Amino acid sequence: MKRRDFLKNTAVFVSGASLSLSTLEFLDPRELLASQPSLRWGFLVNTYKCVGCGFCVKACKIENDIPLEANVTRTWVERYVMTKSGETIRDCPQGALNGYTSKLLDENASGMRAVPDEEVAQAFFVPKLCNHCSTPACVQVCPVGATYQTADGAVLVDRKWCIGCGYCIMGCPYGVRFFHPVERVADKCTFCYHRISKGGNTACAQACPFGARQIGNLRDPNDPVAKAVLKERVGVLRSEYGTKPNVYYIGLNEEVR
Amino acid sequence: MVEQVAQMVVHGEAWTIKDLFVLPNEYVYWSIQIVMYPYMTGLVAGAFVLSSLYHVFNVEKLKEIARYALVFSFALLPVAMLPLLLHLQQPLRGIHVMMTPHFTSAISAFGIVFMTYACIVGAEIWFVYRKFFVESLLRLEAKTGRSSFESILKMIYRIIALGARDLSPEALEADHKAVKLLAGIGIPVACFLHGYAGFIFGSVKANALWMTPLMPVIFICSAVVSGIALCIVSYAIFMELRKWAARRGKNFLLPDAVAHGEHVVDVDHLRSVQGHEVTMTAKYLLIFMTLAITLELLDIIFRGYTAVKSWDILRDVIYEHDFVKIFIMQYGIGNILPFLILLLPGLTVRRAVFASLLVLFGVFMMRWNVVIGGQAFSLTFDGFMHYHLPIIPHDIETFKEGLPGALMVITTPFVIFYFLNMIVPAFMEDKNAH
Ligand code: SF4
Ligand code: SF4
């Protein structure tokens, strides 16, 4: 090859390569989304309104193809019973898929436990789901980057890339992750990203007859969720882990972890 | 009325029993294979450290066992990866770790650390055995009427000799220097490899039992302990086995004889493991054991003394649910007993081997108590999970993550070692190697 040819070819190659590189850059989805920083998904749970019917759990499982009979769930509802003697008893059989219809508390291997009505000081329900944390532990520990955070704050799992190591399941302080029994990859709540990114509501919020659950945009001052987070006394779960959760609770108390 | 629905078993459900309040998605996700993983890496790292003691610090008495430990460490190496693969839900995608390593994750660098380490061990073996490679190659080339097996062997030697056929004293001296250098670099890398396994656990902030900066150091110490112990046990057993096999002419048990002809195994000079080797090795074992126990106890005492929120549940796990596993099996049988056996004067080979067996068991229990014990309680600190190792598999999952899978992981290094011995005889006695 002559020297001139070589130079020519190099020039063609370099310009060609930089052209394709620039197209890549142009299509970078992060940049596209970062151009609308006015969106950050958040969630509000009003525990006073929850009656433990479990409609949200069922709706979520159906919407997101988690087999109903499998003992894992993207969202669940816990029951808290606090006695006058200061004891707190919690249960959550099958994630409350079928709702709480019995007064007996399910203590797993320790059997069912009955608490006489007159000893109950207070009782309530707490729905739980992925907190779509601002500094998510699960994203940090995923060795292949299959768990990632979108620019609008949702934390998602790439089902085609997850190797199923379970590190994220171990890393999440909230126990919201599990292995999908059919797909065999890590799975968890997506805030129904396929719905909300098209302007829809999450399946659980839609199914809740009492409005205990709400999805919203924390960056929009007129959004009802953002307003509540700003003006009401809300709390988040386990802030000590530094994950900065984005699911806010009205009526949270110390016993809820 | 609670609806009765047909069961679909999710991952972890087959071996987890929940008690009291446990979150619906919580199971023992990291089971026996994740116990095997740090155990096997620990053995790799420990065996290598033992071999380096001779090469770097010139502990002359360890010469024979050092060479053995080096080759054995190499045989163990691929098996350190196996438990991770068996544990993955998508084993075929394991390679993704190399393709898109996500460096904020402690597991992601595993491939890199592991490969670096493998290269160092491989290179060290190469320098140690280069003279042997070249001599075997020349011998096989000179031979007329090679069997097909010998032809294959010749080809292997030709490839691994990498064309470096210079056997002049200067070249051999250079080999010697290279071995020393590699062994020197190898020690920190081996510690890193295993400290890193500890970091994988120690950095999980969601787990109250795992999260401690001491974890990597504890792992390193116990790794060296288990590696040395395994070398003592296997070295002594192999030596006896070889003697036995050579006397009865059971050559299939002597892979080096299979490969190079009976003359390489000198029946009259086949010796037993020697007292001084074992006592010397046992001395190092004691040092590292003291370190390991001190650190582990420090960890428990510190947790009990500071008694943060998680201590309530940890105390239940440590002193009640896992009491037998931690204090009887791990510390009692696995630490204190062998410690005493090794300390009593007049140490015999047999006694050292017995003590080393106990040590191996103790380190295994330590891994078990960390990995399984760390998942024995709920994230809510309000309930427990009991792990039941699947013994008889009824599907692929209970096979992989049950007793059969674990046994497979344990036996593989010995199979590899057998074939490795045909090419790099670990028990070579002559002055062929360093
Ligand atoms: S709640 Fe858990 S899974 Fe969800 S984003 Fe936070 S750390 Fe990740
Ligand atoms: S299970 Fe999948 S998503 Fe979770 S850490 Fe492993 S590869 Fe990442």
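Q: Just checking my understanding: could you explain the site of ligand 1 for this structure?
A: Close to ligand 1 lie 13 residues; Cys130, Cys133, Cys138, Cys172 and Arg177 of chain A are nearest. Tallied by class, the residues present in the shell around ligand 1 amount to nine nonpolar, two polar and two charged.

Q: It is not clear to me how the interface of chain A and chain B should be interpreted in this structure. Could you clarify?
A: By convention, interface size is frequently given as the accessible area that disappears when the constituent parts associate. In this complex, chain A contributes 58 residues to the contact, which on the side of chain B involves 53 residues. Summed over both sides, the interface between chain A and chain B buries roughly 4,700 Å², with carbon and sulfur atoms accounting for 57% of that surface. Three residues stand out in chain A for area buried against chain B, namely Ile163, Tyr167 and Met170 of chain A, and they jointly supply 16% of the buried area on that side. One can count three salt bridges joining chain A with chain B. The salt bridge partner of Arg90 of chain A is Asp382 of chain B, with a shortest N-O separation of 2.1 Å. Scanning the region where chain A abuts chain B turns up 34 residue pairs in polar contact (both at pLDDT 80 or more). Where the side of chain A that touches chain B is concerned, the elements lending two or more residues are β2 (76–83), β3 (88–91), α4 (137–141), α5 (167–171) and β9 (178–179) of chain A.

Q: I'm lost on unusual backbone geometry in this one. Help?
A: Peptide bonds are mostly trans, and most non-glycine residues show a negative phi. A positive phi angle, near 60°, is found at Phe191 of chain A, a position not held by glycine. Positive phi values are uncommon outside glycine, yet Leu162 of chain B reaches one of about 55°. Take Leu162 of chain B: it is sitting in the loop between α5 (148–161) and α6 (169–202).

Q: Looking at this structure, how should I read a nonpolar patch on the surface?
A: Residues and elements named next belong to chain B. Together, Tyr319, Phe323, Val324, Ile328, Ile333, Leu337 and Phe361 give the surface a local cluster of nonpolar side chains, amounting to about 560 Å² of exposed area. For the nonpolar patch, the element with the highest residue contribution is helix α11 (residues 323–343), accounting for five residues. Topologically, Phe323 is positioned in helix α11.

Q: Just to check I follow, could you spell out the packing of aromatic side chains for this structure?
A: A ring pair, where both rings are aromatic, is described by two values, the distance of the centres and the angle of the planes. All names here are of chain B. Under the criterion given, the structure shown has 39 aromatic pairs over all chains. On the numbers, 5.4 Å between centres and 20° between planes, the contact of Phe238 with Phe417 is stacked. In this pair, Phe238 sits in helix α7 (residues 214–248) while Phe417 sits in helix α14 (residues 403–423), placing the two residues 179 residues apart along the sequence. Residue classification places Phe238 among the buried positions, given a relative accessible area of 16%. For Phe417, a relative accessible area of 3% puts it in the buried group.

Q: Just to check I follow, could you spell out the domain arrangement of chain A for this structure?
A: Residue and element names in this part refer to chain A. Structurally, chain A comprises domain 1 (41–133 + 188–250) and domain 2 (137–187). Summarising the inter-unit geometry, the C-alpha centres of domain 1 and domain 2 are found 20 Å apart. Taken together, the contact pairs 23 residues of domain 1 with 19 residues of domain 2. Across the interface of domain 1 and domain 2, roughly 1,800 Å² is buried in total on both sides, 62% from carbon and sulfur atoms. Taken together, domain 1 and domain 2 are joined by one salt bridge. On inspection of domain 1 and its partner domain 2, the count reaches 11 residue pairs in polar contact (both at pLDDT 80 or more). Of the residues in the side of domain 1 that touches domain 2, the class split is 14 nonpolar, five polar and four charged.

Q: Even after reading the chapter, I still don't get the packing of α11 of chain B against helix α12 (residues 349–371) of chain B, so can you show me in this structure?
A: Helices that pack against each other are described as a pair by the angle of their axes relative to one another and the distance between those axes. All names here are of chain B. Two elements in contact, α11 and α12, have axes whose closest approach is 8 Å; the angle formed by their N-to-C orientations is 155°. As summarised for this structure, α11 and α12 are arranged roughly antiparallel, according to the angle between their axes. In terms of crossing hand, the pair formed by α11 and α12 is left-handed. On the side of α11, the interface is formed by Lys325, Ile326, Met329, Gln330, Ile333, Gly334, Leu337, Pro338, Ile341 and Leu342, while α12 contributes Arg351, Ala352, Phe354, Ala355, Leu358, Val359, Phe361, Gly362, Met365, Met366, Trp368 and Asn369. Partitioning the contact of α11 with α12 into residue classes produces 16 nonpolar, four polar and two charged.

Q: So what exactly am I meant to see when it comes to the packing of helix α9 (residues 275–306) of chain B against helix α10 (residues 311–321) of chain B here?
A: Residues and elements named next belong to chain B. Two numbers describe how α9 lies on α10: the axes approach to 10 Å, and their chain directions differ by 140°. By the angle between their axes, α9 is oblique relative to α10. Between α9 and α10 the crossing geometry is left-handed. Facing α9, whose interface residues are Ile300, Arg303 and Gly304, α10 presents Trp311, Leu314, Ile318 and Tyr319. Looking at side-chain class alone, the contact of α9 with α10 contains five nonpolar, one polar and one charged residues.

Q: Looking at this structure, how should I read the confidence of the model for chain B?
A: Parts of the model with low pLDDT should not have their predicted coordinates read in detail. Residue and element names in this part refer to chain B. For chain B, per-residue confidence averages 87 on the pLDDT scale, and 95% of positions sit at 70 or higher. Across chain B, the element-wise mean pLDDT spans from 78 in helix α8 (residues 255–260) up to 94 in strand β2 (residues 383–387). Both confidence scores are given for the complex: pTM 0.88, ipTM 0.87.

Cut-off values and rules
Residues numbered from 1 in each chain as written. Chains lettered and ligands numbered in written order. Predicted model: local features only at pLDDT ≥ 70, side-chain atom pairs only at ≥ 80, totals over all residues. Heavy atoms only, no water. Near = heavy atom within 4 Å. Nonpolar A, V, L, I, M, F, W, Y, C, P; charged D, E, K, R; others polar. Contact = heavy atoms within 4.5 Å. Buried area = accessible area lost by both parts, 1.4 Å probe. Salt bridge = Lys/Arg side-chain N within 4 Å of Asp/Glu carboxyl O. Polar contact = N/O pair within 3.5 Å; in protein donor to acceptor, adjacent residues only side chain to side chain. Helix = DSSP H or I, 4+ residues; strand = E, 2+ residues; numbered from the N terminus. Patch = residues over 30% accessible without salt bridge, like charges linked within 9 Å, V, L, I, M, F, W, Y side chains within 5 Å. Areas by Shrake-Rupley, 256 points an atom, 1.4 Å probe, with all protein chains shown as cover. Phe/Tyr/Trp six-rings, centres within 6.5 Å; stacked < 30°, edge-to-face > 60°. Buried < 20%, exposed > 50% of the residue type's maximum accessible area, 1.4 Å probe, protein only. Domains from an automatic or database assignment. Axes fitted to C-alpha atoms, helices over the stretch in contact; angles between N-to-C directions. Parallel < 35°, antiparallel > 145°, perpendicular 65-115°, else oblique. Left-handed = near helix turned anticlockwise from the far one by under 90°. pLDDT = per-residue confidence, 0-100.

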